[in-house]
Each structure stands twice: as structure tokens, then as C-alpha cells.
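Observations on the three-dimensional arrangement
These are the residues of each chain, in order.
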Amino acid sequence: MCGIFGYVGKNNNAAQITLEGLKLLEYRGYDSWGIAVKSGKKLDVEKHVGKIGSAALKSSIINHKSSIAIGHTRWATHGGVTVQNAHPHLDCTKTIAVVHNGIVENFEELKKDLIKKGHKFISQTDTEVIVHLIEDFLKKEGFASSVRDAFNLLKGLNAIVVVNAVSSEIIAAKNGSPLIVGIGKDEFYIASDLIGISDYTNKIVFLKDNEMIILGKNIKLLSLPKGSRLKEKIEKINFKFEKSSKGNFEHFMIKEIYDQPKIIRNIARNYSDQVRKMSHLVESAKGIFFIGAGTAYHAGLAGTYLFSKNAHMHVNTSVASEFNYLEDFLTKESLIISLSQSGETIDVIEPLNIAKKKGSKIIAVTNSIGSTIYRMADFNILLNAGPEKAVASTKAYTAKLCVILMLVFALIKKEKEAELLLNNAAKEAERILEDNNIKKIKEIAKTLKDSKNIYVIGRGLSYPSALEASLKIKEVSYIPTEGLAGGELKHGTIALIEKGTPCIVFAPKDETFESIISNATEIKSRGGVIIGVSSKKSDVFDHFIEIKGLAQAAFITQIIPLQLLAYFLAVYGGLDPDKPRNLAKSVTVK
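Notes on the structure in this doc start here. Here the structure is a predicted model, which means the values were calculated and not measured. (Residues numbered from 1 in each chain as written. Predicted model: local features only at pLDDT ≥ 70, side-chain atom pairs only at ≥ 80, totals over all residues. Heavy atoms only, no water.)

**Things to note about helix H19 (residues 560–572)**
Our working rule: Counting from the N terminus, the helices are the DSSP runs of H or I reaching at least four residues and the strands are the DSSP runs of E reaching at least two. Every helix has an expected span of 1.5 Å times one less than the residues it contains. Only protein chains enter the accessibility calculation, which uses a 1.4 Å probe. A residue is then buried if its area is under 20% of the maximum for its type, exposed if over 50%, and partly exposed in between.
Over its 13 residues, H19 runs 18 Å from end to end, which matches the ideal 18 Å to within 8%, given 1.5 Å per residue. Within the sequence span of H19, burial applies to Ile 560, Pro 561, Leu 562, Gln 563, Leu 564, Leu 565, Ala 566, Tyr 567, Phe 568, Leu 569 and Ala 570. Two residues or fewer past H19, Gly 574 is found with a positive phi of approximately 70°.

**Focus: the nonpolar core**
Soluble globular proteins tend to bury their nonpolar side chains together. Worth spelling out the cut-off: Residues enter a nonpolar core if they are buried and are Ala, Val, Leu, Ile, Met, Phe, Trp, Tyr or Cys, with the set joined through side-chain atoms within 4.5 Å. In this description, contact between two residues means that some pair of their heavy atoms is separated by no more than 4.5 Å.
The biggest cluster of nonpolar side chains holds 89 residues, and the ones touching the most others in it are Ile 337, Leu 564 and Leu 565. Ranked by residue count, the leading element in this core is helix H13 (residues 395–411), at 14 residues. The residues touching Leu 565, leaving out its near neighbours within four places in the chain, are Ile 441, Ile 444, Ala 445, Leu 448, Ile 473 and Ile 504.

**Overview of the sheet that holds strand E16 (residues 288–292)**
Counted only if it meets this: Should DSSP find at least two bridges between two strands, the strands are regarded as paired. Only C-alpha atoms enter the line fits that serve as axes; for helices the fit covers just the stretch in contact. Angles between N-to-C directions range over 0 to 180 degrees.
Read from one edge to the other, the open sheet built from five strands follows the order E17-E16-E18-E19-E20, with strand pairing classed as parallel. The open sheet is flanked by strand E17 (316–319) and strand E20 (379–382), the only strands paired with a single partner. If you compare each strand with its neighbour and ignore which way they point, the axes differ by 20° on average. On top of the sheet, helix H8 (residues 272–284) reaches E16, strand E18 (335–340), strand E19 (361–366) and E20; it is set at about 145° to E20, its chief contact. H13 contacts E16, E18, E19 and E20 of the sheet and is inclined by roughly 155° relative to E18.

**So, the sheet that holds strand E21 (residues 454–458)**
The five strands lie next to each other as E22-E21-E23-E24-E25, forming an open sheet whose pairing is parallel. Pairing within the sheet leaves two strands with one partner each, and these edge strands are strand E22 (481–485) and strand E25 (543–546). Within the sheet, the average angular offset between the axes of one strand and its neighbour, ignoring direction, is 20°. As paired elements, E21 and E22 share five bridges and run parallel to each other. Within E22, the position partnered with Gly 458 by the bridge is Ala 485. Packing against the sheet, helix H17 (residues 513–524) makes contact with E21, strand E23 (502–507) and strand E24 (529–534), and its axis sits at approximately 170° to E23.

**Observations regarding the packing of helix H4 (residues 127–138) against helix H5 (residues 143–153)**
Applied cut-off: Any angle from 65 to 115 degrees is called roughly perpendicular, while one under 35 is roughly parallel, one over 145 is roughly antiparallel, and all others are oblique. Should the near helix be turned anticlockwise from the far one by less than a right angle, the crossing is termed left-handed; should it be turned clockwise, right-handed.
Here H4 crosses H5 at 130°, and the two axes come no closer than 8 Å. Taken together, the axes of H4 and H5 lie oblique to each other. As for how H4 packs across H5, the hand of that crossing is right-handed. Counted together, Leu 133, Ile 134, Phe 137 and Leu 138 of H4 and Phe 143, Ser 146, Val 147, Asp 149, Ala 150 and Leu 153 of H5 form the full contact between these two elements.

**A closer look at the packing of aromatic side chains**
This is how the line gets drawn: Pairing of aromatic side chains here covers Phe, Tyr and the six-membered ring of Trp, requires ring centres within 6.5 Å, and sorts the geometry by plane angle: under 30 degrees stacked, over 60 edge-to-face, intermediate tilted. For a ring to carry a charge above it, either NZ of a lysine or CZ of an arginine must fall within 6 Å of the ring centroid while also lying within 35 degrees of the normal to the ring plane.
Considering all chains together, one arrives at 11 aromatic pairs under this definition. Taking 6.2 Å as the distance between ring centres and 25° as the angle between the ring planes, the aromatic pair formed by Phe 568 and Tyr 572 counts as stacked. A residue pair is termed a helical-turn pair when its members lie 3 or 4 positions apart in one helix, as Phe 568 and Tyr 572 do in helix H19 at four residues. The buried category is assigned to Phe 568, whose relative accessible area is 7%. By relative accessible area, Tyr 572 is classed as partly exposed at 27%. An aromatic cluster of at least three residues, connected via ring pairs, comprises Phe 5, Tyr 7, Tyr 189 and Tyr 200. For the cation-ring pair, Lys 509 lies above Phe 513, with the distance from its terminal atom to the ring centre recorded as 5.0 Å. The ring of Tyr 478 has Arg 581 lying over it, and the distance from NZ or CZ to the ring centre is 3.9 Å.

Structure (C-alpha cells):
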């Protein structure tokens, strides 16, 4: 989850380079941040609680004119959000510092042993154990072997970057969380995401699990646990990340909502060949599974309905973190379609590792070139949605839905129909984003902003929309919101409906309309307030959000008003919709 960046090389402004790299990675964690920079034979550390976005370094750090530094933006796991718990963490001699992504599952027993040996701890983190372990090994061996031996003692999925002021080296090791090395002329960069170093170099080494790399005057790659020498595989990434700014928008989330029409149109115009190739893998598979986490899972669930209705095919969808327990039946003929905006979601990566061992084919639908899931896949489709800086996914979700719709229509040889549907969806998205419709959604948000809870219901293809709308609202407004299938309402949740309880009802003019209106009536009769999202007004609606009828593309556009509603609920609640509390964009811990 956390953002990691480091630099060693010919430039003496390593601290500033590291700060700018961390700012690009803030979406990975924004509880706190810190930088360690070489000062003579010691390390000087600057750490702060809060977001790094507009931060500047103290002059004392800048004045070191150092050519080596590491930094970190934190998403807290162990220990509260304090300066002491922020990374980097120093050893007792202040010559070694570590930054860390992951969880050291056995840190308590390691810490007890280190305290007995006289090591002083100043934080409540599991991370601080790592730097003291390295310090302890250094008493009897070299820096590289000390890092190796310390890393081999850690249980769990971890990525570490360590700097040594004495040797002027950076050493990194990983098992789980991503680390990427950029190779420049007489300089090296290391980051937890390709976007952090793409402006500096396109020569990349993707560190694999159980590998360690030494960066100093040159580069040296080793295997773990033994430390055998490996040949570096340097890849050229001819891809420039689109620069993302808020422009005239107040937040990234609202900007990214407004990006959706052009993304839908781009997929309609340019994805036919890619999706056709993807369809051949689907046709040859025996057992097809969508897996994803959070928003990506909802996109996969929508795919299950589309496959059934149009291609008359059964496709399973699983929450990625549960797929580990459902993989016993995978074979070489199975196909996993993995959905992930970041391409680094550990809950997706873990089951993919098992699937690969079983010989199953993997398709990755992701927004991040070079990501772990991208590199694991047999076939890739990039969403090309541009950077999604807001933590709550919006445009990457609709992009996934568009790709899935095109895939299904490719299977039934109706690609042109899919293109027409998506072009119409782009026009409808633009209409939804017109000022008069925005005004209406703002008014609804003002009536709901003090709600104790909200319910969202849908049937058929609108059921995944209900789940996604619920997730968006709770993510950014912190209002407890539950999404459910309309038919499930009477099996428990209706007990929570009382006078004034708001319920959002997806009611597209399809085969679900009469049944979902009946469910809305059941809520209304118990005092609930109904917000209808439909192409047709109904007397049961207290508020009406119009979506034009788009046949089977309606599920793509009907989520957009709810993304807007979630955004305005956050704004009217005085919250930052881009960086919700406790959340991070790339979820790389279990």
C-alpha cells in the first residue's frame, strides 16, 4: 500500500528527487511521510504526519547536497499515525535506514530478542524490527549479507529498501509488494510503482519475489534466500505516463468522473481487435472466472450477467481474496480474467500465483502497464483510462465495464452493435454531466448528507451497480451504505427501514423494472425515501435521477450519477473525496 522511492547516483539533490518521486506515489498512502538522506557518515531524517502533496523539505535536509536518499509515504498498519511511526526508521547508530511495504508477521518475537540484545525502539511499527536486525547482523558480516539474512527472517509478504550511509548503497528485497528499479546514466532509482520513475528513465528492472538488488556505483542482482548472483533483465518501457492535474476542478475525483465520456468513446473506437483476440481465449477455455477486489469485483459480477444473457455462457465471479479457497478445481484449460486498476492488488496476485502453478491461462484487464498482474498475464488489455489519482475508482470502473461488454459482443459476433452502444453511452454520460443534471444531484446530496445510513437496491445488471454505488458512497462520505439485490430486501434488511430512511433504486426499463418498483413500494410503505435512477418516472420516487434508455449499455452510465452523489456527499460533509481515511489506492497487503 505504501509508496517507496529512492535515489543513488551522480546528482547531489537526492532528497529533492526523492520528495518529488514520493509526491507521485502519494495515492499509495498518505497518513505520513519521511525521507532519509546521507549526511557525512550518518543519516539525517525528516518525517511528518499528513499528506505530502504540497510539502517542501527543510533547508537542513536540502543543504546536505547528498547523492543518496530514500523516502516513504505511509498507509498505517502497525502503530498509530505519528511522527515516530512514520518511515524511514533508523538503527541505533543512525547509519542505516529502512522503508517498508508489507507486514512482518513475526515482528513481536523478533523485537523481544532484539530488546534483550540492547536495541532501542522508538516506534510501535513492525518495520523498525527490520533495521535493528540488519544492524545486529552488521556486527559480524557485510551490509549485503546483513540485509539478506535479516530479510530471510521475516515472515509475511514484504518489500524493503535500505540505505547505508557508510557504504553509500541502497539495497532492496521483496516478497509480495512491488519494487521497480530504474537505470539512468551513472544513477539508479527505485520505486513501488513505475509512475514514480518513468520521467527519469525507460530502462527498468522489475524485481521479482525472493530477489535482492544492490544499487551503488553499479547494480547487482541476487536471489534469496541464498544470495546467488543473477543476471539483471533490463526492459525498455516505451510508455509515457499521462500527467494528471486537477485543472479547473476542485478534486481529482470529480475530474475523473468527467473524464469518462472520452474513455468510453476511446474503447468503442479502438478496442475491437484486442477484444477479438481476448474472445478466442475465452472460446477455448473450459471454466472461466472473473476475479477482482472491491470495485473491480463489481465489474466482474456485471460480466457474469452479460455473459449469461448474451453469450449464454456461465462465467464465475469471485471476490479475489476468497478465490484462494476456490482454486482446487482449476486446470490447464481454466481461464482467469483478473480485473485491477493498479495491477498490484495482492488479493488478486495471490490466487494468480496458484492459477499459474496449475497451468491456467490468465487475462489481465488493468490500467497499469508493467504492473505485477500485467506481467503475470498471458494476455493483457490496458484500460488506457489515464492516471486515476483519487483513491475511489470511477473512470477505471466504467472502462472495465466497456471492455467486458465488447468482449461479450465479440463472442456473439456483434462488435459493431457494441461500438454503437458504447458511443451512445458516451453521449449519455455527457448529458448526465450537464450543469442542470449536476444541480439536481447536488440538491439530492444536500438532503442526504446527514443520513445515518443509506440503502441501494438493483436487480439483474443493476445489482452490481447497487453494490458499486454503495461502495462509492461509504468510501468517500463515510455514511454507512448497503447495496443489495432488490429481492433480498425482504429477507432481513427491510427490518432497518424506518421513516426517512433513504433508499436509492436502480430501475432501468428492462426485465427488472416491475419487480424493482415493487421493492421500492415496499420500502416507501414503511416510511423510506426513494431516490429513483431510471429512464421512466414512477409515482413511488421521491427524487428522480434520469438516465436515458440505452438497452444493455445502461449499466455503464447509470453508475455515473451515483459517483457524483458520493462526491457531493463528501464535499458537503467537509471531507476530502480524493483521499478517504484509512484507504489507499494500491492494496498490497492482505
